[in-house]
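Residues per chain are reported as follows:
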Amino acid sequence: MPKIIQVKRLFFGKRFLAITLTEIILTTEKLNATELNHELIHVAQQRELLYLPFFIWYGIEWLALFVKYRDPMQAYYHLRFEQEAYRHQHDLSYLKHRRHYRYSQ
């Protein structure tokens with residue numbers, strides 16, 4: 001289980017509740033089960049890509065989507081990693097049956 005650290009605010013804006021960085025989840029408030037599941041899906045994604053490649057892929061894809069949509073939040077919501085996490089965040093058993101590389105669909 002990753003370490004959860006509550007902070008006063010995140011370094012990139014007020015719109016977000018939490019961010020997962022490798023095995024650490026930084027959050028501005030206590031996460032409910034759905035929010036925690038969303039972040040744990042990101043932990044699984046990062047683990048299977050061995051962390052650094054995940055962040056490189058995430059950044060490059062976000063930049064490409066930002067150019068396409070010209071809106072940072074539209075780029076964020078269209079990221080394949082975020083789409084998988086949002087699509088399955090309510091399924092609290094998702095990580096038990098998740099197949100590897102599900103974000104690439």
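Novice: Could you clarify how one ought to interpret the nonpolar core in this entry?
Specialist: Note that soluble globular proteins tend to have their nonpolar side chains buried in a common cluster. Leu49, Phe54, Tyr58, Leu65, Met73, Ala75, Tyr76, Leu79, Phe81 and Tyr103 together form the largest nonpolar core, which totals ten residues. Sequence-distant contacts of Tyr103, that is, excluding residues within four places in its chain, are made with Gln45, Glu48, Leu49, Trp57, Arg80, Phe81, Glu84 and Arg98. Within the second largest apolar cluster, six residues are counted, among which are Ile25, Leu31, Leu36 and Leu40.

Novice: Looking at this model, I keep getting lost on the sheet that holds strand β1 (residues 3–6). Mind explaining?
Specialist: Within a sheet, neighbouring strands are paired by backbone hydrogen bonds and run either parallel or antiparallel to one another. The three strands are arranged β1-β3-β2 in an open sheet whose pairing can be described as mixed. Both outer strands of the open sheet, β1 and β2 (18–21), are each paired with one neighbouring strand and no more. Taken over all neighbouring pairs, the strand axes of this sheet differ in orientation by 20 degrees on average, direction set aside. Bridge count between β1 and strand β3 (residues 24–27): four bridges; the pairing is parallel. Paired with Gln6 across the two strands is Thr27, which belongs to β3. Each of β1, β2 and β3 is contacted by helix α1 (residues 33–48), which is oriented at about 20 degrees to β2, the strand it contacts most.

Novice: Is there a simple way to think about the environment of Leu49 in this case?
Specialist: Note on placement: Leu49 falls in the loop between α1 and α2 (52–69). In the structure, Leu49 is positioned 14 residues away from Glu35 in sequence and 22 Å away in space, judged by C-alpha atoms. Apart from residues no more than four positions distant in its own chain, Leu49 is found in contact with Phe54, Trp57, Phe81, Tyr101 and Tyr103.

Novice: Explanation requested: the packing of α2 against helix α4 (residues 80–88) in the structure shown.
Specialist: Angle between the axes and distance between the axes are the two parameters that describe a pair of packed helices. Two elements in contact, α2 and α4, have axes separated by 9 Å at closest approach and are oriented at 100 degrees. Judged by the inter-axis angle, α2 sits roughly perpendicular to α4. Facing α2, whose interface residues are Phe54, Trp57, Tyr58 and Glu61, α4 presents Arg80, Phe81 and Glu82. Class assignment for the residues of the contact of α2 with α4 results in four nonpolar, no polar and three charged.

Novice: Looking at this model, I keep getting lost on α1. Mind explaining?
Specialist: Because each turn of an α-helix spans 3.6 residues, side chains separated by three or four positions end up pointing in the same direction. With 16 residues, α1 ought to run about 22 Å at 1.5 Å a step, and its terminal C-alpha atoms sit 22 Å apart, in line with that. Counting buried residues along α1, twelve of its 16 residues qualify, which places the element largely inside the surrounding structure. Listing the buried residues of α1 in full gives Leu36, Asn37, His38, Glu39, Leu40, Ile41, His42, Val43, Ala44, Gln45, Gln46 and Glu48. A side-chain oxygen of the first residue of α1 lies 3.0 Å from the backbone nitrogen of Thr34; this N-cap is Asn32. Note on α1: the residue one or two positions beyond its end, Leu50, has a positive phi of about 60 degrees.

Novice: What is the right way to look at the side chain of His42 in this model?
Specialist: Summarising the element assignment, His42 is placed in helix α1. The exposure class assigned to His42 is buried, which follows from its relative accessible area of 5%. Reaching out from His42, the side chain makes a polar contact with the side chain of Glu82 at a distance of 3.1 Å. Residues contacting His42, with those up to four places away along its chain left out, are Thr20, Phe81, Glu82 and Ala85.

Cut-offs used in this document
- Residues take numbers from 1 onward in each chain, read along the sequence in its written order.
- Two thresholds apply to this predicted model, a pLDDT of at least 70 for residue-level local features and 80 or more for giving and counting side-chain atom pairs, whereas whole-chain, interface and lining totals are computed over all residues.
- Here the side-chain values reflect all heavy atoms present in the structure, with hydrogen atoms and water set aside.
- Nonpolar cores are built from buried Ala, Val, Leu, Ile, Met, Phe, Trp, Tyr and Cys residues. Side-chain atoms within 4.5 Å join them into one set.
- Under the scheme applied here, a residue whose accessible area is under 20% of the maximum for its type counts as buried, over 50% as exposed, and between as partly exposed, the area being computed with a 1.4 Å probe on protein chains only.
- Contacts were defined at the residue level, with two residues in contact if any of their heavy atoms lie within 4.5 Å.
- By the convention used here, strands pair only if DSSP detects at least 2 bridges between them.
- The numbering of helices and of strands both runs from the N terminus, where a helix is a DSSP run of H or I of at least 4 residues and a strand a run of E of at least 2.
- Orientation is described by lines fitted to C-alpha atoms, with helices fitted over the stretch in contact, and by angles between N-to-C directions that extend from 0 to 180 degrees.
- In these notes the angle categories are as follows: under 35 degrees is roughly parallel, over 145 is roughly antiparallel, 65 to 115 is roughly perpendicular, and the rest is oblique.
- Polar here means any residue outside two lists: the nonpolar Ala, Val, Leu, Ile, Met, Phe, Trp, Tyr, Cys and Pro, and the charged Asp, Glu, Lys and Arg; Gly therefore counts as polar.
- By this rule, a helix spans an expected 1.5 Å times one less than how many residues it contains.
- In protein, a polar contact requires one atom able to donate a hydrogen and another able to accept it; more generally it is a pair of N or O atoms within 3.5 Å, and residues adjacent in sequence count only if both atoms are side-chain atoms.

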